[in-house]
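Listed below are the residues making up each chain.
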Amino acid sequence: MAEREFLAQVQKANLSALELYSSQSLKEILLYHFSQPGKNLRPKTAYRLAEALGAAPEKMVAWASSCELLHNATLIHDDLQDGDATRRGQPAVWKVYGGNMAINAGDYLLIVAPQTLLEDKTLAAEERLELNKLFVAMSARIYDGQRGNVGKALENASNGERNNNRYRGGTS
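So, here is what we can say about the structure in this document. Bear in mind that the values here come from a model prediction, so they are computed numbers and not experimental data.

A closer look at the pattern of salt bridges
On inspection of all chains with the given rule, the structure shows four salt bridges. Residue R48 pairs with E3 through a salt bridge whose shortest N-O separation is 3.0 Å. Pair noted here: R48 is in helix α3 (residues 41-53) and E3 is in helix α1 (residues 3-20), with a separation of 45 residues, a long-range link. Judged by its relative accessible area of 22%, E3 is partly exposed.

What follows is the structure, encoded as structure tokens:
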């Protein structure tokens, strides 16, 4: 499978995740966010890892999608928390739909991200379970990094400073 086809399958999986449980208004917000694609670093890394290990890239689609959904959840939340007004050349989700809806959109992606992985039938049940454990651990590290980022920004704000440095681990 070529990388382009792999990325198209990941994109299809991402869009399918938006259909799982979201209302029309939430889906509108998420489609807006995904309308300007990112660099796809996580899916490209998954594809290249599969190639390097001699594994079938098809078995990495769900993992890549889960990671990309998680990453986008962190971007939506991070933009709001940092007050970043733009993302990928357009107004950030919170600037268009408000902070509360941005939180809802990011939370939705956090919920469905592991579901994509757990429903993957190209992997054995034990493999899905192990990958889910890794996914949860990775998610916890991201949360801890963002907590530190927000905490440091609050500390600097109380000192009358603006924190422009990223705390390690803040977004995926």
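That shown, we press on.
A closer look at helix α4 (residues 61-82)
Look at α4: 31 Å from first C-alpha to last across 22 residues, which is about the 32 Å you get at 1.5 Å a residue. Counting buried positions along α4 gives 20 out of 22 residues, so the element sits mostly inside the fold. Just beyond α4, the residue with positive phi is G83, at close to 75°.

Here's the deal with the nonpolar core
One finds F6, L30, W63, L69, I76 and L109 to be the most contacted residues of the largest nonpolar core, which totals 33 residues. Of all the elements in the fold, those that place two or more residues in this core are α1, α2 (24-34), α3, α4, α6 (99-118) and α7 (125-158). Here the element with the most residues in this core is α4; it accounts for eight residues. Leave out the neighbours within four places in its chain, and L69 touches N14, A17, F34, L109, V112, A113 and T116.

Some thoughts on empty space enclosed by the protein
Following the criterion strictly, the structure yields two cavities of 30 Å³ or more and no others. Lining the largest cavity, in full, are Q11, N14, F34, P37, G38, N40, E68, N72 and R88. Looking at the lining of the largest cavity, the elements with two or more residues in it are α1 and α4. A per-class count over the lining of the largest cavity returns two nonpolar, five polar and two charged. When its volume is computed, the second largest cavity comes out at roughly 50 Å³. In terms of lining, the second largest cavity is formed by Y32, H33, Q36, R87, R88, Q90, P91, A92 and V93. Among the elements of the structure, α2 and β2 (90-91) are those that each provide at least two residues to the lining of the second largest cavity.

The rules behind the values
Along each chain, the written sequence defines residue order, and numbers are assigned to residues from 1. Only residues with pLDDT of at least 70 are given local features in this predicted model, and only at 80 or more are side-chain atom pairs given and counted; all residues enter the totals for whole chains, interfaces and linings. Water and hydrogen atoms play no part in the side-chain values, which are based on all heavy atoms of the structure. A side-chain nitrogen of Lys or Arg and a carboxyl oxygen of Asp or Glu constitute a salt bridge if their distance falls within 4 Å. The helix and strand labels rest on DSSP assignments: H or I over at least four residues marks a helix, E over at least two residues marks a strand, and numbering proceeds from the N terminus. With a 1.4 Å probe rolled over the protein chains alone, any residue whose accessible area is under 20% of its type maximum counts as buried; one over 50% counts as exposed, and the rest are partly exposed. By this rule, a helix spans an expected 1.5 Å times one less than how many residues it contains. By nonpolar core is meant a set of buried Ala, Val, Leu, Ile, Met, Phe, Trp, Tyr and Cys residues that side-chain atoms within 4.5 Å join together. The contact rule is simple, with two residues in contact once any of their heavy atoms fall within 4.5 Å. Of the grid points, spaced at 1 Å and generated over the protein atoms alone, those admitting a 1.4 Å probe that cannot get out make up cavities, while open sets with protein on both sides within 12 Å along at least five of seven lines make up pockets; any residue with an atom within 4 Å of a point is treated as lining. Grid points are joined across faces, edges and corners, and a volume is the space filled by probe spheres set on the points. Residue classes follow a fixed rule: Ala, Val, Leu, Ile, Met, Phe, Trp, Tyr, Cys and Pro count as nonpolar, while Asp, Glu, Lys and Arg count as charged, and any other residue, Gly among them, counts as polar.

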